[in-house]
Amino acid sequence: MLRWAEVYLNRLKKNFNLLRKFTGRKKIIAVVKANAYGHGSVPVSLFLERETDVDMFAVATIDEGRELREGGVKKPILVMSNPLIEGIKEIKEFNLTPVVFDFESLEIAVKNGISFHLKVDTGMGRLGFLPYEWEKVFEKVDFSLLEGVMSHFADSDTDPEFTEYQFGMFMPFVKRVLSVKKVAVHIDNSGAVPASFDGFLTHSRIGLALYGSKPYPDFPVPIEQVMEVKSKVIDVKMLPPNWGVSYGRTYITKKRERTAVVAFGYADGFIRSLSNKWQVKINGDFAPVLGRICMDMTVVSVEKIDVRIGDEVVITDRELTFDKMAERAGTISYEIMCDISPRVKRIFIEGEDGKVLSCL
């Protein structure tokens, strides 16, 4: 096995419990879309269902919801961004709860007797009914089918003032709904977990922080990165002076330099913008990336490291975090997590002692 990701489920459980405490004991909707941000949606969901008091799961599409049901997940599953014009049969067959964010879907849900959550747009400018449409929503909604109302913060990680503004916009809609029926109410995400909102919110939707990535640098919850990505050395060689490394020769040796080739590239999720900007760990020592990351391989410097073919290489762990990778690459940790390829085998570990539960 040349490429694998170790998913530490005990860290996932610890993160869940810490985040739940910070939400003020509200119920948690675990966001497991995009293969649980690359961690493996079915094993992660089954573990959370067994080991925590998670209230429901959230996915992006009906296909993702079906995958969870076929994998054995029993708790409610919220489908957040799939219009109901597609997939009514699957919604019913797999007992999924759609999020309704347009009038066509609202009409379909009511006509077919499908329970749903309503989404309103309070400043994200993406999905959801806009304020000028809310009166029409109340005219058309069937409260017997309504199970929840929601919105989405646009900038909870950097702009608390706008976050408060969005919450203030959301509450009149919520209060009007609650005057008719008690339903689930959720707007806060990972970035808003430490914020203090009034008691109308019943749930928190948590994705990024659940997997141990901080929404912003001074995030106050001591979460731990859940996934560690690893590979192996497949070649070691001594390059001569003035020798180019990888495509485009963006790194050229100044002297004789000992290098190693690692079986991990951008097809595995090692995004190319980390070329010449990242370092891996081999036998506990740091080995800088040299030149451009290739599709299947990366060259690193091992000048001061005792390295042999077959040695383990750490791409990311609790020290070389996804957050740090994202900062170096000029992106967000979500992207890097989600980019870890399906060909990177996931190994699910219950504890730090390395007890393997399953692989996929």
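See the structure printed just above.
All of the points below concern the structure found in this document. (Residues numbered from 1 in each chain as written. Predicted model: local features only at pLDDT ≥ 70, side-chain atom pairs only at ≥ 80, totals over all residues. Heavy atoms only, no water.)

1. Overview of the environment of G310
Next, step 1: For G310, the location among the structural elements is in the loop between β16 (298–301) and β17 (312–316).
Next, step 2: The partly exposed category is assigned to G310, whose relative accessible area is 37%.
Next, step 3: Separated by 70 residues in sequence, G310 and P240 place their C-alpha atoms 23 Å apart. (Helix = DSSP H or I, 4+ residues; strand = E, 2+ residues; numbered from the N terminus. Buried < 20%, exposed > 50% of the residue type's maximum accessible area, 1.4 Å probe, protein only.)

2. Some thoughts on helix α8 (residues 160–178)
Next, step 1: Along its 19 residues, α8 runs 26 Å from first to last C-alpha, staying within 8% of the 27 Å computed at 1.5 Å per residue.
Next, step 2: The largest bend along α8 reaches roughly 30° and is located at M171, with the proline P172 sitting one to four residues downstream.
Next, step 3: Structurally, α8 contributes buried residues whose contacts are with β6 (116–119), α7 (134–140), β7 (146–150) and β8 (184–186). (Expected span 1.5 Å × (residues − 1). Bend = angle between axes of the 7 residues up to and from the residue. Contact = heavy atoms within 4.5 Å.)

3. Quick notes on the nonpolar core
Next, step 1: Formed by 108 residues in total, the largest nonpolar core has its most connected members in L118, V149 and F270.
Next, step 2: Judged by nonpolar contacts, the second largest core, of five residues, contains L239, V245, V261 and L290. (Core = buried A, V, L, I, M, F, W, Y, C linked by side-chain atoms within 4.5 Å.)

4. Some details on the pattern of salt bridges
Next, step 1: Under the criterion given, the structure shown has 19 salt bridges.
Next, step 2: Between R3 and D268 there is a salt bridge whose closest N-O contact spans 2.8 Å. With R3 in strand β1 (residues 3–8) and D268 in the loop between β13 (257–262) and β14 (279–282), this residue pair connects regions lying 265 residues apart in the sequence. The same class applies to R3 and to D268, which are both buried.
Next, step 3: The closest approach of N and O atoms between K230 and E6, which form a salt bridge, is 3.0 Å. Taken as a pair, K230 in strand β10 (residues 227–239) and E6 in strand β1 lie far apart in primary sequence, 224 residues in all. The two residues K230 and E6 agree in class, both being buried.
Next, step 4: Each of E6, R11, E228, K230 and E312 takes part in one network of salt bridges that share partners. (Salt bridge = Lys/Arg side-chain N within 4 Å of Asp/Glu carboxyl O.)

5. Considerations on unusual backbone geometry
Excluding glycine, residues mostly have negative phi values, and the peptide bonds linking residues are mostly trans.
Next, step 1: Non-glycine residue N35 carries a positive phi angle of around 60°.
Next, step 2: You can see N35 is positioned in helix α2 (residues 33–37).
Next, step 3: Unusually for a residue other than glycine, R249 sits at a positive phi of about 50°.
Next, step 4: Within the element layout of this structure, R249 appears in the loop between β11 (244–245) and β12 (251–252).

6. Observations regarding helix α4 (residues 62–70)
Next, step 1: Along α4, the positions that sit buried rather than exposed are I62, E64, G65, L68 and R69. Mapping the buried residues of α4 onto a view down its axis gives an arc of 160°, with all of them on the same face.
Next, step 2: Residues of α4 that are buried sit in contact with α2, α3 (41–51), β3 (56–59), β4 (77–79) and α5 (88–93).
Next, step 3: Just past α4, the residue G72 takes up positive phi, approximately 110°. (Arc of directions from axis to C-beta.)

7. Some remarks on the packing of aromatic side chains
The description of an aromatic ring pair rests on the distance of the ring centres and on the angle between the ring planes.
Next, step 1: Considering all chains together, one arrives at nine aromatic pairs under this definition.
Next, step 2: Ring centres of F138 and F173 lie 5.1 Å apart, and the angle between their planes is 45°; this geometry places the pair in the tilted category. Here the residue F138 occupies a position in helix α7, and F173 occupies one in helix α8, the gap between them amounting to 35 residues.
Next, step 3: Its relative accessible area of 15% is what places F138 among the buried residues.
Next, step 4: Each ring, one from Y216 and one from F219, has its centre 5.5 Å from the other, and the planes form 80°; the classification is edge-to-face.
Next, step 5: The structure contains a cluster of three or more aromatic residues connected by ring pairs, namely W134, F138, F143 and F173. (Phe/Tyr/Trp six-rings, centres within 6.5 Å; stacked < 30°, edge-to-face > 60°.)

These figures capture arrangement, not role.
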